Amino acid sequence: MKKRLLSFVLAVLMIASLLPATALAADIVDSGTCGAEGDGSNLTWTLDSEGVLTISGNGDMNGYGFLSAPWHYSSEVKSAVIADGVTSIGNEAFYHCTSLTSVTIPDSVTSIGDSVFYHCTSLTSVTIPDSVTSIGDYAFSGC
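All figures in this text were calculated on a predicted structure; none of them were measured in a lab.

What follows covers the packing of aromatic side chains. All told, the structure shown has 7 aromatic pairs when counted by the stated rule. With centroids separated by 5.5 Å and ring planes inclined at 70 degrees, the aromatic side chains of Trp45 and Trp71 adopt a geometry described as edge-to-face. One end of the pair, Trp45, is in strand 2 (residues 43-48); the other, Trp71, is in the loop between strand 4 (59-60) and strand 5 (79-82), and 26 residues separate them in sequence. Since its relative accessible area comes to 3%, Trp45 is described here as buried. A residue is classified by how much of its surface remains accessible, and Trp71, at 0% relative accessible area, is buried. Both rings, one in Phe66 and one in Tyr95, keep their centres 5.4 Å apart while their planes meet at 70 degrees; by these two values the pair is edge-to-face. With Phe66 in the loop between strand 4 and strand 5 and Tyr95 in the loop between strand 6 (86-89) and strand 7 (102-104), the pair connects residues that are 29 residues apart, well separated along the chain.

For the rest of this paragraph, the subject is the sheet that holds strand 9 (residues 125-127). Taken in spatial order, the 6 strands of this open sheet run 1-2-3-5-7-9, and their pairing is mixed. Here the strands that pair on one side only, and so sit at the sheet edges, are strand 1 (28-33) and strand 9. For this sheet the average axis-to-axis angle between neighbouring strands, irrespective of direction, equals 15 degrees. Sheet topology note: the strand 2/strand 3 (residues 52-57) ladder contains 5 bridges and is antiparallel. When the bridges of strand 3 are listed, Thr44 appears paired with Ser56.

Counting residues in each nonpolar core, the largest one holds 29 residues, and the members touching the most others are Ile55, Trp71, Ile89, Phe94, Leu100, Ile112 and Phe117. Sorting the residues of this core by element identifies strand 2, strand 3, strand 5 and strand 6 as the ones contributing at least two each. Top contributing element to this core by residue count: strand 2, with 3 residues. Setting aside residues no more than four positions away along its own chain, Phe117 makes contact with Phe94, Leu100, Val103, Ile112, Leu123, Ala139, Phe140, Ser141 and Cys143.

Turning our eyes to something else, we now look at the confidence of the model for the protein chain. With 81% of its residues at a pLDDT of 70 or more, the protein chain shows a mean pLDDT of 85. Low pLDDT, under 50, characterises residues 5-14; the stretch is placed with 0 contacts to residues that sit more than four places away or in other chains. Counting contacts from residues 16-23, a segment whose pLDDT is below 50, to residues more than four positions away or on other chains yields 0 contacts.

Moving on, we get to the side chain of Ser88. Within the secondary structure, Ser88 sits in strand 6. Among the residues examined, Ser88 registers a relative accessible area of 9% and is labelled buried. At 3.3 Å, the side chain of Ser88 forms a polar contact with the side chain of Asp60. A distance of 3.3 Å separates a polar side-chain atom of Ser88 from the backbone nitrogen of Met61. When residues no more than four places from it in sequence are discounted, the contact partners of Ser88 are Gly59, Asp60, Met61, Val109 and Ser111.

What counts and what doesn't
The numbering scheme is per chain: residues are counted from 1 as the chain's sequence reads. Predicted model: local features are reported for residues with pLDDT of at least 70 only, side-chain atom pairs are reported and counted for 80 or more only, and whole-chain, interface and lining totals are derived from all residues. Side-chain measures were taken over the full set of non-hydrogen atoms in the model, leaving aside hydrogen atoms and water. The criterion for an aromatic pair is that two Phe, Tyr or Trp rings (for Trp, the six-membered ring) have centres within 6.5 Å, with stacked assigned to planes under 30 degrees apart, edge-to-face to planes over 60 apart and tilted to the rest. Secondary structure elements are defined from DSSP: runs of H or I of at least 4 residues count as helices, runs of E of at least 2 residues count as strands, and each element is numbered from the N terminus. The buried label applies to any residue whose accessible area, calculated with a 1.4 Å probe on protein chains only, is under 20% of its type's maximum; exposed applies above 50%, and partly exposed to all values in between. Two strands qualify as a pair provided that DSSP identifies no fewer than 2 bridges between them. The convention used is that axes are lines fitted to C-alpha atoms, helices contributing only their stretch in contact, and that angles between N-to-C directions extend from 0 to 180 degrees. Only buried residues count toward a nonpolar core, which is a set of Ala, Val, Leu, Ile, Met, Phe, Trp, Tyr and Cys residues joined through side-chain atoms within 4.5 Å. What makes two residues a contact is simply this: any of their non-hydrogen atoms within 4.5 Å. Values of pLDDT, ranging from 0 to 100, describe the predictor's confidence in every residue of the model. We define a polar contact as two N or O atoms separated by no more than 3.5 Å, with the added condition that, inside protein, one atom must be a possible hydrogen donor and the other a possible acceptor, whereas residues neighbouring each other in sequence contribute only through side-chain atom pairs.

Here you go:
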């Protein structure tokens, strides 16, 4: 009986190992550009099915007006990861993202714009590196 059970478990593990790794990863549900330079393609953003918004590339992020960041429509943004190479977080980038709980900011960021996290009522974790020399007005108001 023990040999049959062991054989069954090994067979299941072998079959599971044949599944592609992407089957275990979160799916990208939306993406675009968000850079402040040229056509904006210096920075890109992706939102995955687990609510992780990732911003990557090199240079400054575009600033946004009231509720106009391209990912804002989605209350599904639960965490934001800003990759190394991004040098600024644009005005109102996460304005009223009420499901946002955590943000990772790399050492490459030197400025955080006005009202960036305004009314992010679920925000509980932000680590601001020493490289940040300027934080805009109302950046964390209503958090």
